[in-house]
Amino acid sequence: MKKSELKAMSRKDLEKLKSNIDAVLASLAERDKKEAIAAAEKAAAAHGFSLAELAGAAPKKRGPKPGKAKTKSVPKYANPANKDQTWTGKGRQPEWFKAEIAKGTDPAQLAI
């Protein structure tokens, strides 16, 4: 496609074209990945191994180490309209907390 043809297209048409290109590229990347895995399996088999054996078996699982319990943070604030909605004061502020602050409520009044 020539540059002049692209300039003549509407924004909507260009976005649709881009979306189609992105989809085709994703499909091609997935196909290439499958072909690479098949080639690697064939090469491993030629030497008497499976690909899993060469890759070190299953990937390590993420999460807490065995024997280590994950501690849950204690809630610090509660929604005055619904006491079941709480927040520890860590991470993103919940919408109810933001709304109360916007109304002018002091955070100390929301403390548990």
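Everything in this summary refers to the structure shown in the same document.

Parameters and conventions
- Residues numbered from 1 in each chain as written.
- Predicted model: local features only at pLDDT ≥ 70, side-chain atom pairs only at ≥ 80, totals over all residues.
- Heavy atoms only, no water.
- Phe/Tyr/Trp six-rings, centres within 6.5 Å; stacked < 30°, edge-to-face > 60°.
- Helix = DSSP H or I, 4+ residues; strand = E, 2+ residues; numbered from the N terminus.
- Buried < 20%, exposed > 50% of the residue type's maximum accessible area, 1.4 Å probe, protein only.
- Core = buried A, V, L, I, M, F, W, Y, C linked by side-chain atoms within 4.5 Å.
- Contact = heavy atoms within 4.5 Å.
- Patch = residues over 30% accessible without salt bridge, like charges linked within 9 Å, V, L, I, M, F, W, Y side chains within 5 Å.
- Areas by Shrake-Rupley, 256 points an atom, 1.4 Å probe, with all protein chains shown as cover.
- Salt bridge = Lys/Arg side-chain N within 4 Å of Asp/Glu carboxyl O.
- Arc of directions from axis to C-beta.

## A short note on the packing of aromatic side chains
Logical step 1: Per the stated rule, a full pass over the model turns up 4 aromatic pairs.
Logical step 2: Plain terms: the ring middles of Y77 and W87 are 5.5 Å apart, the flat faces sit at 25° to each other, and that makes the pair stacked. Of this pair, Y77 sits in strand β1 (residues 77–78) while W87 sits in strand β2 (residues 86–87), and the two are 10 residues apart along the sequence. By the burial criterion, Y77 is buried, and W87 matches it.
Logical step 3: In this structure an aromatic cluster arises from ring pairing among Y77, W87, W96 and F97.

## Description of the nonpolar core
Logical step 1: Within the largest apolar cluster, 5 residues are counted, these being Y77, W87, W96, F97 and L110.
Logical step 2: With near-sequence residues (within four places) excluded, W87 lies in contact with P75, K76, Y77, R92, Q93, P94, W96 and F97.

## Some points on a nonpolar patch on the surface
Logical step 1: Residues I21, V24, L25 and L28 make up a contiguous nonpolar surface patch of about 330 Å² in total accessible area.
Logical step 2: Structurally, I21 is set in helix α2 (residues 11–46).

## Focus: helix α4 (residues 95–102)
Logical step 1: Of all the residues in α4, the buried ones are W96, F97 and E100. Seen from one end, α4 has its buried residues packed into an arc of 100°, which puts them on one side. The outward face of α4, more than 90 degrees from its buried face, is lined by the exposed residues E95 and A102.
Logical step 2: The elements touched by buried residues of α4 are β1, β2 and α5 (107–110).
Logical step 3: Positioned one or two residues after α4, G104 has a phi angle of 105°, which is positive.

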